[in-house]
Amino acid sequence: MKKRRLGNTDLHISEVGLGCMNLGTNEQNAKDIIHEAINAGINYIDTADLYDYGENEKLVGKALKGKRQDTIVATKGGNHFDPNQEGWYWDPSKKYLKEAIKNSLLRLGLDDVDLYQLHGGTIEDPIDEVIETFEELQQEGLIRYFGLSSIRPNVIKSFVDKTTITSNMMQYSLLDRRPEEELLDYLNDNQVSVLVRGSLGKGMLTSKGMTQWEKKGSNGFLDYNAEDLKGVVVKLQALANESNTTPESIAIRYCFSHPGVSSLILGASRPEQVQNNIKAYYDAPQDQSIIEEVTSMTKKQVYEQHRT
């Protein structure tokens, strides 16, 4: 599998990464999924402390035993929770982030992580303190690099203006083209890698698109109403059939049409889904006319909040 440089670092990550949020809680199944990904050439494994309130990191850590050298491991922090209590709240304070990364490392069974991401963020956060915390964690050897997981332009720009972040994870797909307005170019110009989540549009940009639309799209999606959304799903399926490819392969190829995208972080709840995602990646059409056609079928969009 092809790899792309992560930001301005010495790390090169696979163009498909494994998002671990949907691993579930069955240890063997989680292990099978992660091993399937690694054996197929995926080296980027992405989790977060909030997923199943820490249990996800434990499963990832167990699955990575003996395979750490083959992987680039990322996790996220900033959501304050107690595993013994319900609920959580946003807490980007230095005290909590330092506590959170140490707990993450304990659960993962690792001495460090390659990438630590702020899991959200608002413009009211103590951004200078967060940056200072990340830099201290680097100096302490607990994290190699740091980045964000945010869709807020004002937060992203505040960090980029103040420090050298490695990456930003954000939602981007044919159904969510908001990053195209300015953020993709902006991040690329500043050598910040974009890690894409949601590239298959909640499954609506796949061969099972209509089934997923009935489950997840009947109330619309972003600025698409239900019928417009259904129209995109139907047109994408028809284009895929005409082009002898699949909707997911077109959706994947579309995201990679921007040079700022380093990796698509695709989730899986079964090993077969990893196989399907990788097949869709390898089968992605190279014909630029397909990208032009699918672009004309979807909307240009803008971020209407979090701009200043």
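Before going into details, it helps to say that this report is about the structure given with it. All values derive from a computational prediction rather than experimental measurement.

## Quick word on a positive patch on the surface
Together, Lys202, Lys208, Lys215 and Lys216 make up a region of like positive charge exposed at the surface. As for its placement among the helices and strands, lysine 215 is situated in helix α7 (residues 209–217).

## Digging into empty space enclosed by the protein
On inspection of all chains with the given rule, the structure shows one cavity of 30 Å³ or more. Reported here for the largest cavity is a volume of approximately 30 Å³. Around the largest cavity, the lining residues are Val16, Gly17, Leu18, Ile42, Leu266, Gly267, Ala268, Val274 and Asn277. Residue assignment for the lining of the largest cavity shows that the elements contributing at least two residues are β3 (16–19), β12 (261–267) and α10 (271–282).

## Some details on the layout of surface pockets
Approximately 1,300 Å³ is the volume found for the largest pocket. Asn22, Leu200, Lys202, Gly203 and Gly267 are the residues nearest the centre of the largest pocket, which is lined by 40 residues in total. Only β10 (167–171), α7, α9 (247–255), β12 and α10 provide two or more residues apiece to the lining of the largest pocket. With five residues, the top contributor of residues to the lining of the largest pocket is α10. In terms of residue class, the lining of the largest pocket is built from 10 nonpolar, 20 polar and 10 charged.

## Let's talk about α9
For α9, a buried count of nine out of nine residues is recorded, marking the element as mostly surrounded by other parts of the structure. By the burial criterion, the buried members of α9 are Pro247, Glu248, Ser249, Ile250, Ala251, Ile252, Arg253, Tyr254 and Cys255. Those residues of α9 that are buried lie in contact with β11 (193–197), α8 (226–242), β12, α10 and α11 (288–297).

## A closer look at the nonpolar core
One broad rule of soluble globular proteins: the nonpolar side chains tend to lie buried together. If you look at the biggest cluster of nonpolar residues, it comprises 84 residues, and the most contacted ones within it are Leu18, Val113, Tyr116, Ile143 and Phe159. At seven residues, the largest contribution of residues to this core is made by α8. Residues Leu11, Tyr44, Ala74 and Leu115 belong to the second largest nonpolar core, which totals 11 residues.

## Details of the pattern of salt bridges
All chains considered together, the criterion is met by 19 salt bridges. Between glutamate 27 and lysine 62 there is a salt bridge, with the nearest N and O atoms lying 3.5 Å from each other. Here glutamate 27 is found in helix α1 (residues 27–39), whereas its partner lysine 62 is found in helix α2 (residues 55–63), with 35 residues between them in sequence. Given the relative accessible area of 43%, glutamate 27 is considered partly exposed. Looking at lysine 62, the relative accessible area reads 43%, which means it is partly exposed. Of the charged contacts, one joins lysine 94 and glutamate 132 as a salt bridge, the two residues approaching to 2.5 Å between their closest N and O atoms. Residue lysine 94 is found in helix α3 (residues 94–108), and its partner glutamate 132 is found in helix α4 (residues 127–139); the two are separated by 38 residues along the sequence. Its relative accessible area of 38% is what places glutamate 132 among the partly exposed residues.

## Concerning the pairing of β11
Burial runs high along β11: four of the five residues are buried. Where β10 meets β11, five bridges bridge the pair, whose relative direction is parallel. When the sheet's bridge partners are listed, asparagine 168 is paired in β11 with valine 194. Viewed along the sheet, the connection from β10 through helix α6 (residues 183–189) into β11 turns out right-handed. Alignment of β11 against β12, held across three bridges, turns out to be parallel. Residue valine 194 lies in a different strand from β12, and its bridge partner there is valine 261.

## Observations concerning the side chain of serine 14
Along the chain, the position of serine 14 falls in strand β2 (residues 12–14). Taking the relative accessible area as the measure of exposure, serine 14 reaches 0% and is therefore buried. In this structure, serine 14 is in contact with Met1, Lys2, Lys3, Gly41, Ile42, Asn43, Tyr44, Ser262 and Ser263, ignoring residues within four places of it in sequence.

## Digging into the sheet that holds β3
Strand order in the closed barrel formed by eight strands is β3-β4-β5-β8-β9-β10-β11-β12, with parallel pairing between adjacent strands. Strand-to-strand twist of the sheet, defined as the mean angle between neighbouring strand axes without regard to direction, takes the value 30°. Taken together, the four bridges between strand β5 (residues 72–77) and strand β8 (residues 113–118) define a ladder with parallel strand orientation. Along β8, the bridge assignment pairs alanine 74 with leucine 115. Contacts between α3 and the sheet are confined to β5, β8 and β9 (143–149), with β8 contributing the most and set at about 135° to the helix.

The rules behind these values
- Residues numbered from 1 in each chain as written.
- Predicted model: local features only at pLDDT ≥ 70, side-chain atom pairs only at ≥ 80, totals over all residues.
- Heavy atoms only, no water.
- Patch = residues over 30% accessible without salt bridge, like charges linked within 9 Å, V, L, I, M, F, W, Y side chains within 5 Å.
- Areas by Shrake-Rupley, 256 points an atom, 1.4 Å probe, with all protein chains shown as cover.
- Salt bridge = Lys/Arg side-chain N within 4 Å of Asp/Glu carboxyl O.
- Lys, Arg positive; Asp, Glu negative; His and termini not counted.
- Charge placed at Lys NZ, Arg CZ, Asp CG, Glu CD.
- Helix = DSSP H or I, 4+ residues; strand = E, 2+ residues; numbered from the N terminus.
- 1 Å grid on protein atoms, 1.4 Å probe; cavity = no way out; pocket = protein on both sides within 12 Å on 5 of 7 lines; lining within 4 Å.
- Points joined across faces, edges and corners; volume = space filled by probe spheres on them.
- Nonpolar A, V, L, I, M, F, W, Y, C, P; charged D, E, K, R; others polar.
- Buried < 20%, exposed > 50% of the residue type's maximum accessible area, 1.4 Å probe, protein only.
- Contact = heavy atoms within 4.5 Å.
- Core = buried A, V, L, I, M, F, W, Y, C linked by side-chain atoms within 4.5 Å.
- Pairing = 2+ DSSP bridges.
- Right-handed = clockwise from strand over helix to strand, strands pointing away.
- Axes fitted to C-alpha atoms, helices over the stretch in contact; angles between N-to-C directions.

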